[in-house]
Amino acid sequence: ELKVEQNPLFLSMQEGKNYTIYCNYSTTSDRLYWYRQDPGKSLESLFVLLSNGAVKQEGRLMASLDTKARLSTLHITAAVHDLSATYFCAVDVGNEKLTFGTGTRLTIIP
Amino acid sequence: DVKVTQSSRYLVKRTGEKVFLECVQDMDHENMFWYRQDPGLGLRLIYFSYDVKMKEKGDIPEGYSVSREKKERFSLILESASTNQTSMYLCASSLWGVISNQPQHFGDGTRLSIL
């Protein structure tokens, strides 16, 4: 059974600081997705990572994938309040199904 | 833009009722999914479908069934609602196949309360 673990589960950080969210998964996969969810809202796709070494960047967020280590990271640079949300990683083992991590609730403090 | 529309944002039902949650997508996607989201548990897959009339069990199908009579519509059915089915339900759709390189697109969710 595929397990997807995110850490930390909760993260409070000051504006302007950098931090990384980690996503570990338990079986071979080369397709990983990052989503963002604002309170009371649905999930918004952030990144699609499709191969070992893939790196994607959008604004202050950068995601990477290491399939050998079964690890993806979501790095936040110089955080701003608008980035406060819950972030999910999700892994596809090739059968179109996604297994989600439990999410990281990020709060940016002024 | 892909649009996934769920019929209700909020729904309150009573124990034992039969409950229908409807989802429609407008991008001709082959795959459709139903998840439930609970605090501390993330999203868990209930059922999914690769095509019309097809359905596959996800990780937590007990107490649920689904229907896909048309490609654009995927319905989740709670045959006899129970209080432990109080949750946020999310529908998603995606293109078929690994070459699509596209993520799943989600609806706004239905917050269902069973009293």
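Residues numbered from 1 in each chain as written. Chains lettered and ligands numbered in written order. Predicted model: local features only at pLDDT ≥ 70, side-chain atom pairs only at ≥ 80, totals over all residues. Heavy atoms only, no water.

A. Examining the overall build of chain A more closely. In terms of helices and strands, chain A carries zero helices and 11 strands. Shown N-terminal to C-terminal, the secondary structure of chain A runs as helices and strands in the order β-β-β-β-β-β-β-β-β-β-β. For 110 residues, the compact-globule formula gives about 13 Å, and the C-alpha radius of gyration of chain A, at 13 Å, lands near that figure. Summarising its shape, the C-alpha atoms of chain A cover approximately 40 × 30 × 20 Å along the three principal directions. Taking all 110 residues of chain A together, 45% fall into the buried category. Put simply, 53% of the contacts in chain A that link residues at least 6 apart link residues at least 24 apart. (Helix = DSSP H or I, 4+ residues; strand = E, 2+ residues; numbered from the N terminus. Rg over C-alpha atoms; globule rule 2.2 N^0.38 Å. Buried < 20%, exposed > 50% of the residue type's maximum accessible area, 1.4 Å probe, protein only. Contact = heavy atoms within 4.5 Å.)

B. Spotlight on the interface of chain A and chain B. Contacts between chain A and chain B engage 18 residues on the former and 26 residues on the latter. Counting each side, the surface lost to burial between chain A and chain B is near 1700 Å², with a carbon and sulfur contribution of 54%. Here chain A is connected to chain B by zero salt bridges. Run the count over chain A and chain B and you get four residue pairs in polar contact (both at pLDDT 80 or more). Broken down by secondary-structure element, the contributors of at least two residues to the side of chain A that touches chain B are strand E4 (31-37), strand E5 (43-49) and strand E10 (98-100) of chain A. At four residues, E4(A) tops the list of elements feeding residues into the side of chain A that touches chain B. Among the residues making up the side of chain A that touches chain B, the classes are represented as eight nonpolar, seven polar and three charged. (Buried area = accessible area lost by both parts, 1.4 Å probe. Salt bridge = Lys/Arg side-chain N within 4 Å of Asp/Glu carboxyl O. Polar contact = N/O pair within 3.5 Å; in protein donor to acceptor, adjacent residues only side chain to side chain. Nonpolar A, V, L, I, M, F, W, Y, C, P; charged D, E, K, R; others polar.)

C. Representation of the state of the cysteines. By the definition in use, this model includes two disulfides over all chains. What pairs with A:Cys23 in a disulfide is A:Cys89, and their sulfur atoms sit 2.0 Å apart. For the disulfide bridge between A:Cys23 and A:Cys89, the dihedral angle about the S-S bond is near 80°, and by the sign convention the bridge is right-handed. Pair noted here: A:Cys23 is in strand E3 (residues 19-25) and A:Cys89 is in strand E9 (residues 85-92), with a separation of 66 residues, a long-range link. When sorted by exposure, A:Cys23 lands in the same class as A:Cys89, which is buried. Each sulfur of the disulfide joining B:Cys23 and B:Cys91 lies 1.9 Å from the other. Handedness of the B:Cys23-B:Cys91 disulfide follows from its S-S torsion of about -75°: it is left-handed. With B:Cys23 in strand E3 (residues 19-25) and B:Cys91 in strand E9 (residues 87-94), the pair connects residues that are 68 residues apart, well separated along the chain. When sorted by exposure, B:Cys23 lands in the same class as B:Cys91, which is buried. (Disulfide = S-S within 2.5 Å.)

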